[in-house]
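Overview (structure and organization)
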Amino acid sequence: GLGRVGRALAVRAAAFDMRVVAVDAYPGDKPDTVEELWKLDGLDALLEQSDYIVVTVPRTPETIDMLGSEQMARMKPTAMLVGISRGGIINQEALANALKTGQLAAAATDVTKPEPLPPEDELWDLENMLITPHCAGGTQLEGQYIVEILTENLGRFLRGDLPLRNQVDKEKGF
């Protein structure tokens, strides 16, 4: 996904001279930091050529189990899969199998389904799996950002100036 988080990630990856390609359900203008931007039908091409796949899509009915066994089979055996958006987009059973069989080199996730991930889940026992407790998005300035958005949105709402900042589009689901 190439929303706000995906675009911020692309800037950082480009700073390390990484070639950045992306897919997005609603592709807009391609940022300079992104070499290629495809619609979702380009997902297979992205998976086949990427060394690092970072999942930043919203969780909607269309994205649940978006990355399962079939998609992981398309990835390079040297690839790393990183989930930082929402649990349930990466099929965890398929992920565990891909990591155990060497079909995928490594994975990291800050999101799981359910959260927290139960202690008996097999992902905890995989040496090539890194799990963090859904804390990757937070910073010391997070509270300040929340207050700024709330203040801005309250003013907009009172003026009838819609849409609000970060307003959810109920048709899209995010």
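Above this text you will find the structure in question.
Because the structure is a prediction, the values reported are computed rather than measured.

What counts as what
- Residues numbered from 1 in each chain as written.
- Predicted model: local features only at pLDDT ≥ 70, side-chain atom pairs only at ≥ 80, totals over all residues.
- Heavy atoms only, no water.
- Helix = DSSP H or I, 4+ residues; strand = E, 2+ residues; numbered from the N terminus.
- Buried < 20%, exposed > 50% of the residue type's maximum accessible area, 1.4 Å probe, protein only.
- Contact = heavy atoms within 4.5 Å.
- Areas by Shrake-Rupley, 256 points an atom, 1.4 Å probe, with all protein chains shown as cover.
- Polar contact = N/O pair within 3.5 Å; in protein donor to acceptor, adjacent residues only side chain to side chain.
- Core = buried A, V, L, I, M, F, W, Y, C linked by side-chain atoms within 4.5 Å.
- Pairing = 2+ DSSP bridges.
- Axes fitted to C-alpha atoms, helices over the stretch in contact; angles between N-to-C directions.

Attention now goes to the overall build of the protein chain. Per the secondary structure count, the protein chain includes five helices and six strands. In the protein chain, the order of α-helices and β-strands from amino to carboxyl end is α-β-β-α-β-α-β-α-β-β-α. C-alpha atoms of the protein chain, sized along the principal axes, occupy 55 × 40 × 30 Å. Counting over 174 residues, the protein chain shows a buried share of 35%. Contacts spanning at least 24 positions in sequence make up 53% of the contacts within the protein chain whose residues lie at least 6 apart. Approximately 11,100 Å² of the protein chain is accessible, and the part contributed by carbon and sulfur atoms is 55%.

Another point: helix α4 (residues 92-101). Three or more residues of α4 are buried, namely Q92, A94, L95, A96, A98 and L99. Measuring from the backbone nitrogen of E93 back to the side-chain oxygen at the start of α4 gives 3.1 Å, which picks out N91 as the cap. Downstream of α4 by one or two residues, G102 has phi in the positive range, about 80°.

Within the secondary structure, Q103 is located in the loop between α4 and β5 (106-109). Judged by its relative accessible area of 25%, Q103 is partly exposed. If sequence neighbours within four positions are ignored, Q103 has contacts with S69, M72, A73, M75, K76, P77 and A98.

A general tendency of soluble globular proteins is for nonpolar side chains to be buried together. In terms of nonpolar packing, the biggest core is built from 29 residues, with L81 and L95 touching the most fellow members. Those elements that provide at least two residues to this core are β1 (21-23), α2 (43-49), β3 (52-55), α4 and β6 (129-131). A total of five residues in this core trace back to one element, the largest contributor, which is α4. Apart from the residues lying within four places of it in its own chain, the contact partners of L81 are I53, V55, L67, M72, M75, I90, L95, L104, A106, A107 and A108. Core analysis: the second largest hydrophobic core is formed by seven residues, A10, V20, V34 and L37 among them.

This part is about the sheet that holds strand β4 (residues 80-83). Judged by pairing direction, the sheet is parallel, and its four strands sit side by side in the order β3-β4-β5-β6 without closing on themselves. The sheet terminates laterally at β3 and β6, the two strands that pair on one side only. Averaged over all pairs of adjacent strands, the angle between strand axes in this sheet comes to 10°, irrespective of strand direction. Direction of pairing for β5 relative to β6: parallel, over a ladder of three bridges. Following the sheet pairing, A108 is matched in β6 by L130.

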